[in-house]
Amino acid sequence: MVQYCYLAATALYLPTVEQSFTSGDLEGLSHGRYETATHVPITRWNMDAIDTRRFSADARSRARYGSFLQSDFSMFDNTMFRISPAEARPLEPQQRMLLEVGYEALHRQGQNRSTLVDSDTGIFTGMMNMDAQHFMPSVPGPYDMTGITYSAAGARLSYVFAMRGPCMVFDTACSSSLIAMHAARRSMQHDECPLALTIAPNAILHPFAHVGPALTGMTSIRGRCHTFDARADGYLRGEGCGAVVLETARRNDGYQVACLGSSARHNGQSATCTALNGLSQQLLIKAALGDASTAVGNVMEAHGTGTGLGDPIEISSISAIVKKSGHKSCSVCAIKGNVGHTESTAGVANVIEVIGLLKLGEAALNVQLRTFNPKVRQVRAEVLHPSVDTNLMYRGRM
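For clarity, every value in this text was computed on a predicted model and none was experimentally measured.

Peer 1: For this particular structure, what's the right way to read the overall build of the chain?
Peer 2: In terms of helices and strands, the chain carries 14 helices and 10 strands. Residues counted as buried form 55% of the 398 residues belonging to the chain. Within the chain, counting contacts between residues at least 6 apart in sequence, those at least 24 apart form 78% of the total. Accessible area for the chain stands at about 17200 Å²; split by element, carbon and sulfur atoms hold 53% of it.

Laid out in structure tokens, this is it:
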């Protein structure tokens, strides 16, 4: 049984940081130079055409913001993937990103079409939205169903490159890509595949799934994820696609990051179906650390959605673990302050940021943090929160 696996290559599309995510882009994120919130662009839908008579003023504000990729989704090189024009036409944007970003990550690891064919490479996909279903024609064509379904999306890479390893799709909402990575690691530990790709896209294409969170007050009136901040009033929905390649073989090239452990648990009961349970979070962190046979390090990437309730619960859980470990402090950061909550992509984006920070030897800034949420301030004795304009140690070496 394989004990460890290694994160060998990554690829990441985020708003304003598209096509290739470099260490320079990461430094821009970690130093607060990227902030991607905008109004919903007309290329997605006309917000002024939405009937908002039943909306409160707050809900109208919440529904107008997002963090959107600048890519023209119609620009897709179907010939690169040997897909006919007829099949490519109804291929929804998330499947297109799966192919582009997935192959980019595999290529960075050293793979090409010939090495992937008939290999046992596994594909583990996280997805939670399928807005393209709203654009299904009344009379579907021969490729419409495979162009918009989760099952086809997960299988697309394996099919295009003739890979025979495990292939599965996970929809566990915002944790989809992390659960996919956990499953990939377990699959590799049981020798089902020597190489695995974890990938997760998210595209916001239709107002239905965008307006719903606004009406329930889940998204931000100001259009930002004010993580750990007193202004926290909800999250900002965002687009993106992230991929991580894991392998069992160890190399001495300085590019690998060891993935020592992971854990997957459910929240159990809490105040509501979407509310956090602090004890469950502590048990999850302890289980992951136990699986890795290690202790808390100097930096932790938080979920950090920027909600008045969720942030204090998460920080309290982290603080309790840090305190019990005897560690003096732990710098907590969250990429959502820069690019919003990319939903199914969020987990793998967090992992990619941490990988980059480990190589840079820095802790990232929480770019929206100005004044601590009072409930967060109560527990910050054990946890440092790097921010743009505080005197805390936000560029501490790891």
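From this point, things continue past the structure.
Peer 1: What's the story with the pairing of strand S1 (residues 5-13) in this structure? I'm lost.
Peer 2: Across a regular strand the side chains alternate sides, sitting on one face of the sheet and then on the other. Extensive coverage of S1 is indicated by the burial of 9 of its 9 residues. Alignment of S1 against strand S8 (residues 257-259), held across 3 bridges, turns out to be antiparallel. By the bridge assignment, Cys5 is partnered in S8 with Cys259. Here 7 bridges tie S1 to strand S7 (residues 240-247), and the two strands are oriented antiparallel to one another. When the sheet's bridge partners are listed, Leu7 is paired in S7 with Leu246.

Peer 1: Is there a simple way to think about the pairing of strand S4 (residues 122-126) in this case?
Peer 2: Most of S4 is tucked away: 5 of the 5 residues are buried. Every second residue of S4 is oriented toward a common face, with Gly122, Phe124 and Gly126 on one face and Ile123 and Thr125 on the other, all of them buried. Pairing of S4 with strand S6 (residues 195-202), which is carried by 4 bridges, proceeds in the parallel orientation. Bridged to Ile123 within S6 is Leu197. Note: S4 against strand S5 (residues 167-170), 4 bridges, orientation parallel. Across the sheet, the residue bridging to Thr125 is Val169, located in S5.

Peer 1: Looking at this structure, how should I read the sheet that holds S4?
Peer 2: Think of a sheet as strands paired side by side through backbone hydrogen bonds, with each pair either parallel or antiparallel. Taken in spatial order, the 6 strands of this open sheet run S5-S4-S6-S7-S1-S8, and their pairing is mixed. For this open sheet the edge positions go to S5 and S8, each flanked by a neighbour on one side alone. Geometrically, the sheet is characterised by an average inter-axis angle of 25° between neighbouring strands, direction not taken into account. Against the sheet, helix H7 (residues 150-160) makes contact with S4, S5 and S6, and its axis sits at roughly 140° relative to S5, the strand it touches most.

Peer 1: Please explain helix H10 (residues 278-292) as it appears in this structure.
Peer 2: Note that an α-helix has 3.6 residues per turn; residues three or four places apart therefore point the same way. Its 15 residues place the ends of H10 21 Å apart at the C-alpha level, agreeing with the 21 Å of an ideal helix rising 1.5 Å per residue. Listing the buried residues of H10 in full gives Ser280, Gln281, Gln282, Ile285 and Ala292. The elements touched by buried residues of H10 are helix H11 (310-325). One side-chain oxygen of the residue at the start of H10 lies 3.1 Å from the amide nitrogen of Leu279, identifying that residue as Asn277. Phi for Ser293, located one or two positions after H10, is positive at around 55°.

Peer 1: Whenever I open this one, the environment of Thr149 confuses me. Can you help?
Peer 2: Looking at the element boundaries, Thr149 is found in the loop between helix H6 (144-148) and H7. With 16 residues separating them in the primary sequence, Thr149 and Gln133 have C-alpha atoms 8.3 Å apart. Setting aside residues no more than four positions away along its own chain, Thr149 makes contact with Gln95 and Met130.

Peer 1: Where do I start with the packing of H10 against H11 in this structure?
Peer 2: Angle between the axes and distance between the axes: these two values describe a pair of packed helices. The geometry of H10 relative to H11 is characterised by a closest axis approach of 9 Å and an angle of 45° between their N-to-C directions. Looking at the two axes, H10 sits oblique to H11. Crossing geometry of H10 relative to H11 is assigned as right-handed. Residues Gly278, Gln281, Gln282, Ile285, Lys286 and Leu289 of H10 pack against Ile313, Glu314, Ser317, Ile318, Ala320, Ile321 and Lys324 of H11. Residues belonging to the contact of H10 with H11 are distributed by class as follows: 6 nonpolar, 4 polar and 3 charged.

Peer 1: Sorry, what's going on with the nonpolar core here?
Peer 2: For soluble globular proteins, nonpolar side chains are generally found buried alongside one another. Judged by nonpolar contacts, the single largest core of 36 residues is most densely connected at Phe81, Ile83, Leu99, Phe161 and Leu197. Ranked by the residues each element gives to this core, the list is headed by helix H4 (residues 93-109), at 7 residues. Met181, Ala183, Ala184 and Val244 belong to the second-largest nonpolar core, a separate cluster that totals 25 residues.

Peer 1: Just to check I follow, could you spell out unusual backbone geometry for this structure?
Peer 2: Apart from glycine, the bulk of residues carry a negative phi angle, and the bulk of peptide bonds sit in the trans form. You will see that Asp191, though not glycine, has its phi angle at about 60°, which is positive. By the secondary structure assignment, Asp191 is in the loop between helix H8 (176-189) and S6. Unusually for a residue other than glycine, Ser293 sits at a positive phi of about 55°. Looking at where Ser293 falls in the secondary structure, it is placed in the loop between H10 and strand S9 (299-301).

Peer 1: Is there a simple way to think about the side chain of Ser176 in this case?
Peer 2: For Ser176, the position within the fold is in helix H8. From its side chain, Ser176 meets the backbone nitrogen of Thr172 in a polar contact 2.9 Å long. Dropping the residues within four chain positions of it, Ser176 is found in contact with Gly126, Met127, Met128, Phe170, Asp171 and Ser344.

Criteria and thresholds
- Residues numbered from 1 in each chain as written.
- Predicted model: local features only at pLDDT ≥ 70, side-chain atom pairs only at ≥ 80, totals over all residues.
- Heavy atoms only, no water.
- Helix = DSSP H or I, 4+ residues; strand = E, 2+ residues; numbered from the N terminus.
- Buried < 20%, exposed > 50% of the residue type's maximum accessible area, 1.4 Å probe, protein only.
- Contact = heavy atoms within 4.5 Å.
- Areas by Shrake-Rupley, 256 points an atom, 1.4 Å probe, with all protein chains shown as cover.
- Pairing = 2+ DSSP bridges.
- Axes fitted to C-alpha atoms, helices over the stretch in contact; angles between N-to-C directions.
- Expected span 1.5 Å × (residues − 1).
- Polar contact = N/O pair within 3.5 Å; in protein donor to acceptor, adjacent residues only side chain to side chain.
- Parallel < 35°, antiparallel > 145°, perpendicular 65-115°, else oblique.
- Left-handed = near helix turned anticlockwise from the far one by under 90°.
- Nonpolar A, V, L, I, M, F, W, Y, C, P; charged D, E, K, R; others polar.
- Core = buried A, V, L, I, M, F, W, Y, C linked by side-chain atoms within 4.5 Å.

It is worth stressing that arrangement in space is one thing and function is another; only the former is reported here.
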